[in-house]
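Notes for the structure review
Next come the chains, spelled out residue by residue.
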Amino acid sequence: MKLKSFVAAVCMGLIGTAALAEEGKVKVGMITTLSGGGAGLGIDVRDGFLLATKMAGNDNLEVVVEDDQRKPDIAVQLADKMIQSEKVDVLTGIIWSNLAMAVVPAATAQGKFYLSPNAGPSALAGKGCHPNYFNVAWQNDNLHEAAGGYANDAGFKKTFILAPNYPAGQDALTGYKRVYEGELAGELFTKLGQKDYAAELAQVRASDADSVFFFLPGGMGISFLKQYADSGIDLPVVGPAFSFDQGILQAVGDAALGVKNTSQWNKDIDNAANAAFVEAFQADYGRLPSLYASQGYDTANLLLSAMAKADVSDADAFRAALEAAEFDSVRGDFEFAANHHPVQDIYVREVIKEGDVFTNKIIGTALSDHSNVYVDECKL
Amino acid sequence: MTFILLIEQVLNGLQFGVMLFLMAAGLTLVFGVMGLINLAHGSLYMVGAFAAAAVAGATGSFLLALAAALAAAAAAGALMELLVIRRLYNRDHLDQVLATFALILIFSEGTRWLFGSFPLYLDIPDALSGPVTLPGGIAYPAYRLAIIAIGLVIAAGLFWLIARTRLGIRIRAGESDREMIAALGVDISKLYTIVFALGAALAGLAGALVGAIQSVQVGMGEPVLILAFVVIVIGGIGSIKGALIGAILVGLTDTLGGIALPAVLRLVTDNATATSTGAALSSMLIYILMAGVLIWRPQGLFGAQA
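Parameters at a glance
- Here the residue index of a chain counts from 1 through its sequence in written order.
- Numbering of ligands from 1 and lettering of chains from A proceed in the order in which they are written.
- Side-chain atom pairs in this predicted model are given and counted only at pLDDT of 80 or more, local residue features only at pLDDT of at least 70, and totals for whole chains, interfaces and linings cover all residues.
- UniProt positions are given in the numbering used here, feature names are shortened, and annotations may be inferred rather than shown by experiment.
- Under the scheme used here, helices are H or I runs from DSSP no shorter than 4 residues and strands are E runs no shorter than 2 residues, and both carry numbers assigned from the N terminus.
- The atom set for the radius of gyration is the C-alpha atoms, and the globule formula is 2.2 Å times the number of residues raised to the power 0.38.
- With C-beta atoms placed from the backbone, the exposure class of a residue follows from how many other C-beta atoms lie within 10 Å of its own: 20 or more, buried; 12 or fewer, exposed; in between, partly exposed.
- Placing a C-beta atom from the backbone of each residue, one calls two residues in contact when those atoms lie within 7 Å.
- What counts as a domain boundary in this text is fixed by an automatic or database domain assignment.
- By the convention adopted, Pro, Cys, Tyr, Trp, Phe, Met, Ile, Leu, Val and Ala count as nonpolar, Lys, Arg, Asp and Glu as charged, and the other residues, Gly among them, as polar.
- Think of it this way: DSSP has to see at least two bridges between two strands before they count as a pair.
- Only the contacting stretch of a helix is used when fitting its axis, a line to C-alpha atoms as for every element, and angles between N-to-C directions run 0 to 180 degrees.
- Working definition: the nonpolar core is a set of buried Ala, Val, Leu, Ile, Met, Phe, Trp, Tyr and Cys residues, joined through C-beta atoms within 7 Å.
- To estimate the expected span of a helix, subtract one from its residue number and multiply by 1.5 Å.
- In this scheme, roughly parallel covers angles under 35 degrees and roughly antiparallel covers those over 145, while 65 to 115 is roughly perpendicular and the rest are oblique.
- We call a crossing left-handed when the near helix sits turned anticlockwise from the far one by less than a right angle, and right-handed when that turn is clockwise.

Going by the annotation in an unreviewed UniProt entry, the name recorded for chain B is High-affinity branched-chain amino acid transport system permease protein LivH, with Roseovarius albus given as the source organism. Here chain B is described in UniProt, under the heading Sequence similarities (unreviewed entry), as follows: "Belongs to the binding-protein-dependent transport system permease family. LivHM subfamily." As recorded by UniProt, the Subcellular location (unreviewed entry) comment attached to chain B reads in full: "Cell membrane".

Taking an unreviewed UniProt entry as the reference, chain A is identified by name as Leucine-, isoleucine-, valine-, threonine-, and alanine-binding protein belonging to Roseovarius albus. As stated in UniProt under Sequence similarities (unreviewed entry), the record for chain A gives "Belongs to the leucine-binding protein family."

Laid out in structure tokens, this is it:
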């Protein structure tokens with residue numbers, strides 16, 4: 001009898017310590033693009049995220065990283081695998097809005113938290129919003145709305161606008177048109193991944209536009225800007241930060257110099273968190289951080305701040321801790337709107353050359369404390 | 001749509017077409033002569049672009065960069081043939097597809113390992129930068145005109161090579177009866193390596209030329225590869241003439257369709273719907289063209305009767 005109760009006590013103890021070891025642990029599944037054309041973006045998000053976890057030195061955070069190859073079907077398979085067999089608590093990492101639309105609704109419906117370091121499609125901000133979905137970067141429309149605001153300030157009256165035909169591209173043009181007050185000289189959707197813009201440029205030339213707005217992230221933007229510079233079209237260009245980011249500016253070269261673009265982050269935002277981030281990123285990876293790296297870094301710090309306050313197994317408390325967003329964002333002030341998307345300042349940047357390196361500097365603020373228009377549609 | 005815009009778009013379609021031709025020519029030769037489906041042809045395009053970007057970055061000379069692209073892609077192609085492809089000639093197409101798909105992954109990750117994931121910088125030479133004014137007041141980028149010229153010169157050179165030289169005779173003979181020319185004492189394996197390297201060099205040249213106006217990055221070859229396959233299916237497998245006509249047809253259809261369809265749709269529906277449906281429909285146009293050709297002439301426009 002004595003032995004039996006001893007064994008039972010030991011077992012109880014073991015269970016107790018096992019439970020204790022689980023306490024406070026968070027397993028994160030990161031699905032992002034690490035190969036193919038859009039790899040630079042995913043790699044930056046991953047590196048920013050991992051840098052924050054390394055700097056925090058928190059042993060309770062475990063990160064599993066997988067490559068979605070920018071394919072929605074692969075992203076869905078990876079999400080299933082991470083939820084079913086890896087038993088992750090939190091998912092993050094997706095760059096592209098079409099992939100986010102394929103993964104996020106199913107993941108949050110299964111009670112997982114999803115922290116978006118990039119994609120913020122309007123469908124997930126409005127009617128499709130979910131208590132467990134948080135976007136740490138922006139709602140897709142935001143930077144484009146800021147570009148529209150800049151166009152008004154700069155006195156553009158007839159803009160030619162173009163974007164790829166996918167959810168974020170549609171959000172981009174909608175966002176620009178929402179704030180921009182002038183007329184449109186033309187409106188075009190291009191193919192996602194398109195590299196040759198000769199046909200579009202010919203239409204810009206044939207129109208009576210006084211300016212061009214475009215949203216073409218990654219390699220698409222490189223192609224467009226180089227071809228734009230070569231076409232002899234001499235109109236001012238404005239766009240969101242995605243086509244003028246640290247990762248691609250060197251490949252664009254002189255063609256981007258002087259172009260105005262809108263961003264919620266830049267390396268010269270003056271606060272301690274940003275200075276520490278820029279310095280640590282350069283020391284660890286040997287390159288300047290990009291917008292995407294800053295978003296990955298903020299996502300990890302948001303998660304770490306929630307982990308310090310609540311246990312992930314208590315979903316309500318953990319959600320409240322995420323909503324509070326008490327972390328030192330590299331953007332300075334940061335808070336969530338009711339639909340879990342950021343309320344933040346959006347700046348106008350100009351592409352400059354520092355020595356041999358092309359980079360951006362902030363020249364003004366396009367929109368202050370900017371939220372998003374989908375808040376009212378979201379029933380949270 | 002004004003007349004000038006139309007001419008400019010036709011030039012754009014031509015330029016896209018001759019680029020596709022450079023890709024498709026190698027693919028169709030390899031398929032015609034060796035009966036091999038080479039999915040890794042897009043990787044050779046990427047090798048050419050990266051070699052050009054690396055050499056242009058080191059020396060600043062665009063001509064040297066083009067030479068490097070030709071040499072690197074030809075060398076990669078010859079090496080690929082000697083090490084891997086050679087073992088696949090007698091296998092069925094499924095094995096070839098599997099092995100060459102593996103080569104795509106190896107080339108992509110190898111390039112990423114060597115050059116990193118971020119796009120490389122390759123710019124057009126100063127002499128060809130900016131637009132030139134054509135008769136009729138059309139401003140058109142000089143570099144794109146140069147691409148059209150280079151493509152047409154190479155097409156002429158290939159016709160001459162196939163029709164007038166001993167190598168061309170052997171290639172044509174290899175296409176129609178490979179056992180027979182082996183029996184006649186032609187070193188068939190050497191011929192195969194040469195044809196493969198020639199196709200690779202053309203793909204590398206296309207990669208370098210296009211890399212200067214687009215972006216040089218890992219995975220740049222695969223979208224072009226798909227179009228090149230469409231071209232050779234339309235043109236007829238193994239036919240250089242078919243590849244040229246098919247490429248220009250695809251180039252013009254894609255470019256002009258992308259302009260015309262939204263404009264036509266705008267007549268019947270509102271602007272936003274026309275823009276997005278037009279964009280979606282125009283990206284299907286070349287596949288519809290391919291399906292049409294396959295129904296009308298299953299062997300392709302210039303293919304031999306099966």
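Right, let's get into the overall build of chain B. Of regular secondary structure, chain B possesses 12 helices and 2 strands. In chain B, the succession of helices and strands from N to C terminus is α-α-α-α-β-β-α-α-α-α-α-α-α-α. Rg of the C-alpha trace for chain B: 20 Å, near the compact-globule value of 19 Å for 306 residues, within the 12% margin. Over its C-alpha atoms, taken along the principal directions, chain B stretches across nearly 65 × 50 × 35 Å. Taking all 306 residues of chain B together, the buried fraction comes to 52%.

Secondary structure summary: chain A contains 13 helices and 13 strands in total. Dimensions of chain A, computed from C-alpha atoms along their principal axes, come out at roughly 95 × 45 × 35 Å. For chain A, with 380 residues in total, the buried portion stands at 56%. A fraction of 72% describes how many contacts in chain A between residues 6 or more apart in sequence connect residues 24 or more apart.

In this section: the domain arrangement of chain A. All names here are of chain A. According to the domain assignment, chain A contains domain 1 (14–138 + 269–336) and domain 2 (142–263 + 346–376). Inter-centroid distance (C-alpha atoms) of domain 1 to domain 2 is 27 Å. Of the residues lining the interface, 18 residues belong to domain 1; the matching set on domain 2 comes to 18 residues. Partitioning the side of domain 1 that touches domain 2 into residue classes produces 9 nonpolar, 8 polar and 1 charged.

Our focus in this paragraph is the sheet that holds strand 5 (residues 133–135) of chain A. Residues and elements named next belong to chain A. Within the open sheet, the 5 strands sit side by side as 2-1-3-4-5. Their pairing is parallel. What marks the edges here is a single partner per strand, and that holds for strand 2 (61–67) and strand 5. Across the sheet, the mean angle from the axis of one strand to that of its neighbour is 20 degrees, orientation sign disregarded. Strand direction decides the pairing type here: strand 4 (residues 113–116) and strand 5, joined by 3 bridges, are parallel. Paired with Ser116 across the strands is Asn135, a residue of strand 5. Contacts between helix 3 (residues 72–84) and the sheet are confined to strand 1 (26–32), strand 2 and strand 3 (90–92), with strand 1 contributing the most and set at about 170 degrees to the helix.

This next bit is on unusual backbone geometry. Residue and element names in this part refer to chain A. Phi at Gln69 takes a positive value of approximately 55 degrees, unusual for a residue other than glycine. Inspection of the secondary structure puts Gln69 in the loop between strand 2 and helix 3. Its 19 C-beta neighbours within 10 Å are what place Gln69 among the partly exposed residues. Here Lys87, not a glycine, exhibits a phi torsion of approximately 55 degrees, which is positive. Following the sequence through the fold, Lys87 ends up in the loop between helix 3 and strand 3.

We now examine the nonpolar core. Membership of the largest hydrophobic core comes to 218 residues, with the highest contact counts inside it found for Ala24(B), Ala49(B), Ala52(B) and Ala69(B). Of all the elements, helix 1 (residues 3–34) of chain B adds the most residues to this core, at 17 residues. Taken together, domain 1 (14–138 + 269–336) and domain 2 (142–263 + 346–376) of chain A each give at least three residues to this core, which thus spans both. Those residues in contact with Ala49(B) that lie beyond four places of it in its chain are Ala69(B), Leu122(B), Gly207(B), Ala208(B), Gly211(B), Val216(B) and Met220(B).

Size of an interface, as often reported, equals the accessible area lost when the parts are brought together. If you look at the interface, chain B gives 38 residues, while chain A gives 32 residues. Contributions of two or more residues to the side of chain B that touches chain A are made by helix 1, strand 2 (138–141), helix 5 (142–164), helix 10 (240–268) and helix 11 (271–282) of chain B. When the residues that make up the side of chain B that touches chain A are grouped by side-chain class, the tally is 17 nonpolar, 18 polar and 3 charged.

Before going further, it helps to examine helix 2 (residues 41–59) of chain B. An α-helical turn contains 3.6 residues, so any two residues separated by three or four positions project in the same direction. Residue and element names in this part refer to chain B. Over its 19 residues, helix 2 extends 27 Å from the first C-alpha to the last, a length consistent with the 27 Å expected when each residue adds 1.5 Å. Along helix 2, 15 of the 19 residues are buried, which leaves the element largely enclosed by surrounding structure. The first or second residue beyond helix 2 is Gly60, which carries a positive phi of 80 degrees.

Attention shifts here to the packing of helix 9 (residues 221–235) of chain B against helix 10 of chain B. All names here are of chain B. The contact between helix 9 and helix 10 brings their axes to 8 Å, and the two run at 120 degrees. Looking at the two axes, helix 9 sits oblique to helix 10. Crossing of helix 9 against helix 10: the hand is right-handed. Contacts between helix 9 and helix 10 involve Leu227, Val230, Val231, Ile232, Ile234 and Gly235 from the former and Gly242, Ala243, Ile245, Gly246, Ala247, Leu249 and Val250 from the latter.

All right, on to the environment of Ala146(A) then. Residues and elements named next belong to chain A. When you line up the elements, Ala146 lands in helix 6 (residues 142–154). Since 29 C-beta atoms lie within 10 Å of it, Ala146 is described here as buried. Apart from residues lying up to four places away in sequence, Ala146 is in contact with Thr262, Ile346, Ala366 and Leu367.

Quick look at helix 9 (residues 219–231) of chain A now. Residue and element names in this part refer to chain A. The terminal C-alpha atoms of helix 9 lie 18 Å apart, and with 13 residues this matches the ideal 18 Å at 1.5 Å per residue to within 8%. Among the 13 residues that make up helix 9, 13 are buried, leaving the element largely enclosed by the rest of the structure. Taken from the residues just after helix 9, Gly232 is the one with a positive phi, measuring 80 degrees.

This part takes up the pairing of strand 7 (residues 183–190) of chain A. Pairing analysis gives 7 bridges linking strand 6 (residues 158–164) of chain A to strand 7 of chain A, with the strands arranged parallel. Residue pairing in the sheet places Ala163(A) in a bridge with Phe189(A) of strand 7 of chain A.

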